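# Secondary and tertiary structure notes
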Amino acid sequence: MINGLTLGLAGMNRYARMFDRAAEQVVRAGMRNANPAIEAEDSGENSNAGGAVSPPDDLIRSMVDMMMAQRLFIASLHVTQAEDKMMETAVNIAAKK
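All of these numbers come straight from a predicted model, not from anything done at the bench.

### A word on the overall build of the chain
Check the secondary structure of the chain and you find 3 helices and 0 strands. Burial status across the chain gives 16% buried among its 97 residues. Intrachain contacts of the chain at a sequence separation of at least 6 include 93% that bridge at least 24 residues. For the chain, the accessible surface area stands at approximately 7500 Å², while carbon and sulfur atoms represent 59% of it.

Next comes the structure, spelled out in structure tokens:
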């Protein structure tokens, strides 16, 4: 029988790894696209006169993956906490009998 603690902990492990992979992708995306404003300046391009550079799609996707992993981790944590609370309540009820 699989209980809430097992499911919650498995989810927390899974989503911690997912978060780490997404963080690595953010770093790689940042390194691949390091200082695009400097590259545009060197090539004579002036596509964005305000100086702001829009982030690349892979960086945005990786950031979204990180946020999703964080929220899924928290949801798994709540499953674990709920199971812990239920077990505590069951023990207290059994102790009173």
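### Section: a nonpolar patch on the surface
On the surface, a nonpolar cluster with roughly 330 Å² of combined accessible area is contributed by Ile60, Met63, Val64 and Met67. Inspection of the secondary structure puts methionine 63 in helix H3 (residues 57–96). You can call methionine 63 partly exposed: its relative accessible area is 38%.

### With respect to the packing of helix H1 (residues 4–32) against H3
Look at H1 against H3: their axes get within 8 Å of each other, and the N-to-C directions meet at 165°. Considering the angle they form, H1 stands roughly antiparallel to H3. In terms of crossing hand, the pair formed by H1 and H3 is left-handed.

### A few points about H3
For an α-helix, 3.6 residues make a turn, and residues three or four places apart therefore share a direction. Taking 1.5 Å per residue, 40 residues should reach 58 Å; H3 reaches 59 Å between its end C-alpha atoms and fits that length. Tucked into the core, H3 has its buried residues touching H1.

### A closer look at H1
In a regular helix each residue adds 1.5 Å, so 29 residues correspond to 42 Å; H1 covers 41 Å between its end C-alpha atoms and thus fits that length. By the burial criterion, the buried members of H1 are Gly4, Gly8, Gly11, Met12, Tyr15, Met18, Ala22, Val26 and Ala29. Along its buried surface, H1 packs onto H3. Two to three positions downstream of the cap, the backbone nitrogen of leucine 5 sits 3.0 Å from a side-chain oxygen, assigning the N-cap of H1 to asparagine 3.

### Re the environment of methionine 18
Relative to the elements of secondary structure, methionine 18 occurs in helix H1. Among the residues examined, methionine 18 registers a relative accessible area of 19% and is labelled buried. Spatially, the C-alpha atom of methionine 18 lies 9.8 Å from that of leucine 72, the residues being 54 residues apart in sequence. Beyond its immediate chain neighbours, meaning those up to four positions away, methionine 18 contacts Asp65, Met68 and Ala69.

### Re the confidence of the model for the chain
When pLDDT is averaged along the chain, the result is 83; 77% of the residues meet or exceed 70. Mean pLDDT values over the elements of the chain span from 50, in helix H2 (residues 36–43), up to 93, in H3.

Rules used throughout
Residues numbered from 1 in each chain as written. Predicted model: local features only at pLDDT ≥ 70, side-chain atom pairs only at ≥ 80, totals over all residues. Heavy atoms only, no water. Helix = DSSP H or I, 4+ residues; strand = E, 2+ residues; numbered from the N terminus. Buried < 20%, exposed > 50% of the residue type's maximum accessible area, 1.4 Å probe, protein only. Contact = heavy atoms within 4.5 Å. Areas by Shrake-Rupley, 256 points an atom, 1.4 Å probe, with all protein chains shown as cover. Patch = residues over 30% accessible without salt bridge, like charges linked within 9 Å, V, L, I, M, F, W, Y side chains within 5 Å. Salt bridge = Lys/Arg side-chain N within 4 Å of Asp/Glu carboxyl O. Axes fitted to C-alpha atoms, helices over the stretch in contact; angles between N-to-C directions. Parallel < 35°, antiparallel > 145°, perpendicular 65-115°, else oblique. Left-handed = near helix turned anticlockwise from the far one by under 90°. Expected span 1.5 Å × (residues − 1). Polar contact = N/O pair within 3.5 Å; in protein donor to acceptor, adjacent residues only side chain to side chain. pLDDT = per-residue confidence, 0-100.

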